[in-house]
Amino acid sequence: MYTFLAGIALLIIGYFTYGKFVEKVFGIKEARQTPAYTHQDGVDYLPMNTKKNSLIQLLNIAGVGPIFGPILGALYGPVAFLWIVFGCIFAGAVHDYLTGMISIRNRGAHLPELAGKFLGKVMKHVVNAFAVLLLLLTGTVFVTAPAGLLNNLMNGWATMGLILGAIFVYYILATLLPIDKIIGRFYPIFGALLLISALGVGAGLVFTGAPIPEITLSNFHPDNAPVFPLLFLTISCGALSGFHATQTPIISRTTQNEKQGRNIFYGMMIAEGVIAMIWAAAAMSLFNGPVGLNELLANGGPAAIVSEASTLMLGAIGGTLAILGVIVLPITSGDTAFRSARMIIADYFNYSQRKVTNRLWIALPLFVVAFGLTKIDFTLLWRYFSWANQSTAMIALWVGAMYLFIAKKNYWIAMIPAIFITMATTTYILNAPIGFRLPMNVAYIGATIITIGVIVAFFYSARKQRAANIPLEIDISGWDKDSVA
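Small disclaimer: the values here were computed from a predicted structure and weren't measured.

Parameters at a glance
- Residues numbered from 1 in each chain as written.
- Predicted model: local features only at pLDDT ≥ 70, side-chain atom pairs only at ≥ 80, totals over all residues.
- Heavy atoms only, no water.
- Helix = DSSP H or I, 4+ residues; strand = E, 2+ residues; numbered from the N terminus.
- Rg over C-alpha atoms; globule rule 2.2 N^0.38 Å.
- Buried < 20%, exposed > 50% of the residue type's maximum accessible area, 1.4 Å probe, protein only.
- Areas by Shrake-Rupley, 256 points an atom, 1.4 Å probe, with all protein chains shown as cover.
- Lys, Arg positive; Asp, Glu negative; His and termini not counted.
- Charge placed at Lys NZ, Arg CZ, Asp CG, Glu CD.
- Axes fitted to C-alpha atoms, helices over the stretch in contact; angles between N-to-C directions.
- Left-handed = near helix turned anticlockwise from the far one by under 90°.
- Contact = heavy atoms within 4.5 Å.
- Patch = residues over 30% accessible without salt bridge, like charges linked within 9 Å, V, L, I, M, F, W, Y side chains within 5 Å.
- Salt bridge = Lys/Arg side-chain N within 4 Å of Asp/Glu carboxyl O.
- Parallel < 35°, antiparallel > 145°, perpendicular 65-115°, else oblique.
- Nonpolar A, V, L, I, M, F, W, Y, C, P; charged D, E, K, R; others polar.
- Phe/Tyr/Trp six-rings, centres within 6.5 Å; stacked < 30°, edge-to-face > 60°.
- Lys NZ or Arg CZ within 6 Å of the ring centre and 35° of its normal.
- Core = buried A, V, L, I, M, F, W, Y, C linked by side-chain atoms within 4.5 Å.
- Polar contact = N/O pair within 3.5 Å; in protein donor to acceptor, adjacent residues only side chain to side chain.

Draft legend 1. Representation of the overall build of the protein chain within the structure. Each helix and strand in the protein chain was counted, giving 18 helices and zero strands. Taking 23 Å as the expected radius of gyration for a compact globule of 485 residues, we find that the protein chain reaches 21 Å, a close match to that expectation. Counting only C-alpha atoms, the protein chain reaches 65 × 50 × 40 Å along its principal axes. Each of the 485 residues in the protein chain was classed as buried or not, and the buried ones make up 60%. For the protein chain, the exposed surface amounts to about 18,500 Å²; the carbon and sulfur share of it is 67%. The centroid of the 30 positive side-chain charges in the protein chain is displaced by 8 Å from the centroid of its 20 negative side-chain charges.

Right under this line is the structure:
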């Protein structure tokens, strides 16, 4: 298991090396007050310490994505390890860090507002609709997945309808109440459960000498599905995920100081990468290779893999705890998905969220739509979620590249992964059954042309934005802490 252990080591090393480099490129301002203080409202804006923010951020971003995605990606073989490790260090963690820090500099703004500011006013409206759609799909996926796991864990004595209803009630409370009432209090506990379960499965793989395959570029997928672009959309959370761009502004509004950003944003993405490595390794090693894994997936889906792997590695009691840790993941991302959707819509219409009734008017329609979406086949939902997710990551990376270009800093750290994921998502939607259904060779050509067009448009717009001296951050020089309620 040299590849597996080396991958974990590289992720940790990446945090202390490339993470530090990205932080230096961005240029933190420790003396600058964060939105947690300048816009404190007791609901969404309020300061919390680094440990609490880090655990909340990890749970916000780590839904079923870093578990279900790597399990599905394991069908491609050890090449999945490469995407998780290098995608996480050079794309995903950069994406999360830049999104979070640029948001901090702009009063905790969400991605649609940032896209409008740095990519043009039209993009604000496009990204706003796109982000809300992604969050609705995310919230729905993260309702159905834990409900299925709970239903299996309880051997069906609680109906799916009852479990779905209970999860929705929790989501409503977490969406409406101030962030420190439920999320701030319970997430650290949930975070500990998540880490214990993931590390337990990882330790089980090591101590039992599980036959984790070593690195090869060969494609092991039983159906010979192409590695590019499918692997890069199948494994999103754990490598690069646009969903994170909708979550980081939640914590940018509670971060106490910019120096905490690398730990909270870059570091928690690295932690998610470790979780993804563990579950990809478990899927590759415990089920007699890709063919056996594919058969089990066909019969029970990723949830069956989670249950089987947890029980094999940790026994009945330990396995149950591990499954509970996995159940926590989607629930603690689903609630913040709906919370983010509420905040994005409120920001778009400039609708104050101090009153609970104002929050309710926005949140209730979201839950009604999400409940309707639970009736759609999970596999179909996941395909749309994967494409919307990586397309959002593409937009966020272009925002980061634009910010750094205007600031006359090393914009290539964001632009290179932006180009890569633009090519991947465009190829996918041109070829996929949920897209234009073009032959793969035609999709490659079309995606190349579109990607080149996007690059040209970026440089054209970036030079205009730099010449116009677009402000990179809001002015807080007149902020008075005594005036904040």
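Draft legend 2. Fine view of the packing of helix α2 (residues 18–26) against helix α6 (residues 79–105). Across the interface, α2 lies against α6 with an axial gap of 11 Å and an inter-helix angle of 35°. Once α2 is placed against α6, the crossing between them reads as right-handed. Mapping the contact onto sequence places Tyr-18, Val-22, Glu-23 and Phe-26 in α2 and Ile-89, Phe-90, Val-94, Tyr-97, Leu-98, Met-101, Ile-102 and Arg-105 in α6.

Draft legend 3. Examining a nonpolar patch on the surface more closely. A contiguous nonpolar patch, built from Leu-10, Ile-13, Phe-86 and Phe-90 and spanning about 360 Å² of accessible area, is present on the exposed surface. Looking at the nonpolar patch, the elements with two or more residues in it are α1 (2–16) and α6.

Draft legend 4. Representation of unusual backbone geometry. Residues Phe-228 and Pro-229 are joined by a peptide bond in cis, for which omega reads 10°. Summarising the element assignment, Pro-229 is placed in helix α11 (residues 227–234). Positive phi values are uncommon outside glycine, yet Arg-107 reaches one of about 55°. For Arg-107, the location among the structural elements is in the loop between α6 and α7 (111–119).

Draft legend 5. Broad picture of the packing of helix α4 (residues 50–61) against helix α13 (residues 261–285). Their axes nearest at 9 Å, the elements α4 and α13 cross at an angle of 45°. When the axis of α4 is compared with that of α13, the two are oblique. Crossing of α4 against α13: the hand is right-handed. Each of Thr-50, Asn-53, Ser-54, Gln-57, Leu-58 and Ile-61 in α4 lies in contact with α13, whose residues at this interface are Asn-263, Ile-264, Phe-265, Met-268, Met-269, Ala-271 and Glu-272. Split by residue class, the contact of α4 with α13 holds seven nonpolar, five polar and one charged.

Draft legend 6. Region of the structure containing the packing of aromatic side chains. Under the counting rule described, the total for this entry stands at 30 aromatic pairs. With centroids separated by 6.4 Å and ring planes inclined at 45°, the aromatic side chains of Tyr-15 and Tyr-266 adopt a geometry described as tilted. Here the residue Tyr-15 occupies a position in helix α1, and Tyr-266 occupies one in helix α13, the gap between them amounting to 251 residues. In this pair, the class of Tyr-15 matches that of Tyr-266, namely buried. On the basis of an interplanar angle of 80° and a centroid distance of 6.5 Å, the ring pair of Phe-168 and Tyr-171 is categorised as edge-to-face. With Phe-168 and Tyr-171 both in helix α9 (residues 160–176) and three residues apart, this pair spans about one turn of that helix. Comparing Phe-168 with Tyr-171 shows no difference in burial state: the two are buried. Sitting over the ring of Tyr-15, Arg-262 keeps its end group 4.8 Å from the ring centre. Across the ring face of Phe-26, the terminal group of Lys-409 is positioned such that the distance to the ring centre comes to 6.0 Å.

Draft legend 7. How the structure looks around the pattern of salt bridges. Using the criterion set out here, one finds 10 salt bridges in the structure. Across the pair Arg-342 and Asp-44 runs a salt bridge, and its minimum N-O distance is 3.1 Å. One end of the pair, Arg-342, is in helix α14 (residues 289–348); the other, Asp-44, is in the loop between α3 (35–38) and α4, and 298 residues separate them in sequence. The class for Asp-44 is buried, based on a relative accessible area of 4%. Among the salt bridges present, the one from Glu-113 reaches Arg-107, with a minimum N-O distance of 2.7 Å. A relative accessible area of 26% places Glu-113 in the partly exposed class.

Draft legend 8. Expanded view of the nonpolar core. Core analysis: the biggest nonpolar cluster contains 165 residues, and Phe-118, Tyr-171, Leu-231, Tyr-266, Trp-279 and Phe-458 have the highest contact counts within it. Every residue in contact with Tyr-171, bar those within four places of it in the chain, is listed here: Gly-139, Phe-142, Val-143, Pro-330, Ile-331, Gly-334, Asp-335, Phe-338 and Phe-367. Among the nonpolar cores identified, the runner-up in size contains five residues, and Met-423, Leu-430, Ala-443 and Ala-447 belong to it.

Draft legend 9. Representation of the environment of Lys-464 within the structure. Along the chain, Lys-464 turns up in helix α18 (residues 440–467). Through-space distance from the C-alpha of Lys-464 to that of Met-423 is 25 Å; in sequence the pair is 41 residues apart.

Draft legend 10. Up close: the side chain of Gln-465. Take Gln-465: it is sitting in helix α18. The exposure class of Gln-465 is buried, given its relative accessible area of 13%. Setting aside its immediate chain neighbours within four residues, Gln-465 contacts Lys-117, Phe-118, Leu-119, Met-402, Ile-406 and Ile-470.

Draft legend 11. A look at the side chain of Thr-246. Here Thr-246 shows up in helix α12 (residues 243–252). A polar side-chain atom of Thr-246 sits 3.1 Å from a polar atom in the side chain of Gln-247. In this view, Thr-246 contacts His-110, Leu-134, Leu-135 and Ser-340; residues no more than four positions away in its chain are not counted.

Draft legend 12. Representation of the environment of Asn-49 within the structure. Relative to the helices and strands, Asn-49 is located in the loop between α3 and α4. As for Asn-49 and Asn-257, which are separated by 208 residues in sequence, their C-alpha atoms are 9.4 Å apart.

As far as function goes, none of this settles anything; it's purely spatial.
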